[in-house]
Amino acid sequence: MADLLQTVSPRALSPDIHRREKPNIPASEKLAYPVPEACALAGFSRSKLYELISSGELRTVKRAGRRLVLRTDLTAFLAGEAA
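Caption draft 1: Representation of the nonpolar core. Within the largest apolar cluster, twelve residues are counted, these being Tyr 33, Val 35, Ala 38, Cys 39, Ala 42, Leu 49, Leu 52, Ile 53, Leu 58, Val 69, Leu 74 and Phe 77. The set of elements that each furnish at least two residues to this core consists of helix 3 (35-42), helix 4 (46-54) and helix 5 (71-78). Top contributing element to this core by residue count: helix 3, with four residues.

Caption draft 2: Seen up close, helix 3. Considered for burial, the residues of helix 3 that qualify are Val 35, Ala 38, Cys 39 and Ala 42. Buried residues of helix 3, viewed axially, fall in a sector of 105°; they line one side. Away from its buried face by more than 90 degrees, helix 3 exposes Pro 36 and Ala 40. Considering only its buried residues, helix 3 is in contact with strand 1 (32-34), helix 4, strand 3 (66-70) and helix 5. Phi for Gly 43, located one or two positions after helix 3, is positive at around 80°.

Caption draft 3: Summary view of the layout of surface pockets. Considering only enclosed or pocket space, the largest pocket measures out at about 330 Å³ in volume. As for the largest pocket, its lining consists of Arg 20, Lys 22, Pro 23, Ile 25, Lys 30, Ala 32, Pro 34, Glu 37, Arg 66 and Leu 68. Secondary structure elements with two or more residues in the lining of the largest pocket: strand 1 and strand 3. Of the residues contributing to the lining of the largest pocket, the split by class is five nonpolar, no polar and five charged.

Caption draft 4: Up close: the pattern of salt bridges. Scanning the model with the defined rule gives three salt bridges in all. Of the charged contacts in the structure, one is a salt bridge between Asp 73 and Arg 59, with a shortest N-O distance of 3.1 Å. Here Asp 73 is found in helix 5, whereas its partner Arg 59 is found in the loop between helix 4 and strand 2 (61-63), with 14 residues between them in sequence.

Caption draft 5: How the structure looks around helix 5. All buried positions along helix 5 are accounted for by Asp 73, Leu 74, Ala 76 and Phe 77. Across the axial projection of helix 5, the buried residues extend over an arc of 165°, all falling on one side. Next to the buried residues of helix 5 lie strand 1, helix 3, helix 4 and strand 3. Gly 80 sits one or two residues past helix 5 and shows a positive phi near 90°.

Cut-offs used in this document
- Residues numbered from 1 in each chain as written.
- Predicted model: local features only at pLDDT ≥ 70, side-chain atom pairs only at ≥ 80, totals over all residues.
- Heavy atoms only, no water.
- Core = buried A, V, L, I, M, F, W, Y, C linked by side-chain atoms within 4.5 Å.
- Buried < 20%, exposed > 50% of the residue type's maximum accessible area, 1.4 Å probe, protein only.
- Helix = DSSP H or I, 4+ residues; strand = E, 2+ residues; numbered from the N terminus.
- Arc of directions from axis to C-beta.
- Contact = heavy atoms within 4.5 Å.
- 1 Å grid on protein atoms, 1.4 Å probe; cavity = no way out; pocket = protein on both sides within 12 Å on 5 of 7 lines; lining within 4 Å.
- Points joined across faces, edges and corners; volume = space filled by probe spheres on them.
- Nonpolar A, V, L, I, M, F, W, Y, C, P; charged D, E, K, R; others polar.
- Salt bridge = Lys/Arg side-chain N within 4 Å of Asp/Glu carboxyl O.

Below, the structure written as structure tokens:
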């Protein structure tokens, strides 16, 4: 048994603190969506979504280097309300 413990690294025995699993949060509960997810939810192509963003019709925020579409802004846009 002692030989086995010597051959296994201590890192293999402890949980991998560097790997984070993404929580499985339903889209309806998320506060913001990355562009690909917003495209899928709204049924737009990526280029169409960026067109709406650049024209000011759809607002986004940039956090930690990622462009996000807030859920409230996406639902308002789809409901026909002004951004």
